[in-house]
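Here's the letter readout for the chains.
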Amino acid sequence: MKRGLISVMADQFKTVPPVVTADLTGQTVVVTGSNTGLGFQAAKHFARMGPGKLILAVRSQQKGDAAAERIKSETGFKAVEVWLLDQSKFSSVIAFADRFQKEDVRLDILVANAAIIATQYKTTEDGWEESLQVNDLSTSLLCLLLAPRLVETGKKYGTRPRIAIVASSVHYWVEFDDSVYDAESSWQVLSTEKHFAEVLKTDQRYPETKLLNIFFAQSLADLLKDTPVVVDTLNPGYCYSELRTAFTGIQAVVDWLMERLLAWTTEQGSRQLVYGALGGSDKLDQINGAYIELHQVVEPSDHVIGYEGKKRRDKLWGDLVRELSKVDGRVADIVRQYSS
């Protein structure tokens, strides 16, 4: 599918469906990037459904604690925990995933919401361009390391655990050049300052990371197809967001005007996150690996689908597994386990 700016803007005038609800008694829900914005609002929705445990996965203990207290105060739900997760550091992702094993915590819902918009080239302590690591590499590492716990939970309790990865309709506006797929490691190319500078000129870096989220979710859904786990991606829509606070100059002015003309509230956008985690329970075969907008499965961009899309996805997946296996050898073991 191809979608231009006008088509995406038109969606902003559609009615946002009500939030999906479910009985989450006994279940564990994790929302990354949940101290503010979409993640915080989604966490509030989950809190009202009474899970056994709601985990706010955030970078700052202070901000996480403040968010937890607000949720407790505004919903009356008390079983909120703050777990530190800094996706700019692979070590933090590994420590977060390991905590589930150490504390023997079940895991039913993982909403991978944490993301940043990069306005200048910056590398992490792990050597990757920051937005590529936060939005994609660490998100993928987290999902892969937690996959066994989700599978185990589903088998033990007879449930269908979910991984909902926050993508965006902006993925329709970007494609990767063949040189990215022809490279020995596509991810290494995407992380270079040269590539970053080229795509930043047309504001394509964030859309690139969202396109990568969709490719990854499809591959992960394929990997886990014989397990109880369901994987999907979702578009929260254009919402008021702290993601764009780094904008300056003309870009900031344009965004301010666009927000007042088109933006949904963060609560409205968060309903899409909840749907990705709970919606479509009567059609999970359609939901698995799907891209969702306004509570409906829709076709992602032409760059993702078809024979050529599958070739691109497989190249990115193979390179991703190799890169993440250097970070944690369990990644290769997990992929082998569920590939057999």
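- The name given to the protein in an unreviewed UniProt entry is Short-chain dehydrogenase, with the source organism recorded as Ephemerocybe angulata.

## Brief notes about the nonpolar core
Part 1: Grouped together as the largest cluster of nonpolar side chains are 60 residues, with contacts concentrated most on F96, F100, L144, I163, L220, L224 and V231.
Part 2: Element by element, the count of residues in this core is highest for helix α5 (residues 130–157), at 11 residues.
Part 3: Discounting residues that sit within four places of it in the chain, L220 has contacts with C143, L144, I163, V231 and W317.
Part 4: Listed in part, the 38 residues of the second largest apolar core include L24, A43, L54 and A67.

## Structural notes on the environment of Y307
Part 1: Relative to the elements of secondary structure, Y307 occurs in helix α13 (residues 306–327).
Part 2: Put simply, Y307 and A68 are 239 residues apart on the chain and 45 Å apart in space, counted from C-alpha to C-alpha.

## A word on the packing of helix α2 (residues 37–47) against helix α3 (residues 61–75)
Two packed helices can be described by the angle between their axes and the distance between those axes.
Part 1: At a minimum axis distance of 10 Å, the contact between α2 and α3 shows a crossing angle of 40°. If you check the angle between α2 and α3, you find them oblique. Crossing of α2 against α3: the hand is right-handed. For the pair α2 and α3, contact is made by F40, A43, K44 and A47 and by A67, R70, I71, E74 and T75, respectively.
Part 2: For the contact of α2 with α3, the per-class residue count stands at 5 nonpolar, 1 polar and 3 charged.

Conventions used here
Residues numbered from 1 in each chain as written. Predicted model: local features only at pLDDT ≥ 70, side-chain atom pairs only at ≥ 80, totals over all residues. Heavy atoms only, no water. Core = buried A, V, L, I, M, F, W, Y, C linked by side-chain atoms within 4.5 Å. Buried < 20%, exposed > 50% of the residue type's maximum accessible area, 1.4 Å probe, protein only. Helix = DSSP H or I, 4+ residues; strand = E, 2+ residues; numbered from the N terminus. Contact = heavy atoms within 4.5 Å. Axes fitted to C-alpha atoms, helices over the stretch in contact; angles between N-to-C directions. Parallel < 35°, antiparallel > 145°, perpendicular 65-115°, else oblique. Left-handed = near helix turned anticlockwise from the far one by under 90°. Nonpolar A, V, L, I, M, F, W, Y, C, P; charged D, E, K, R; others polar.

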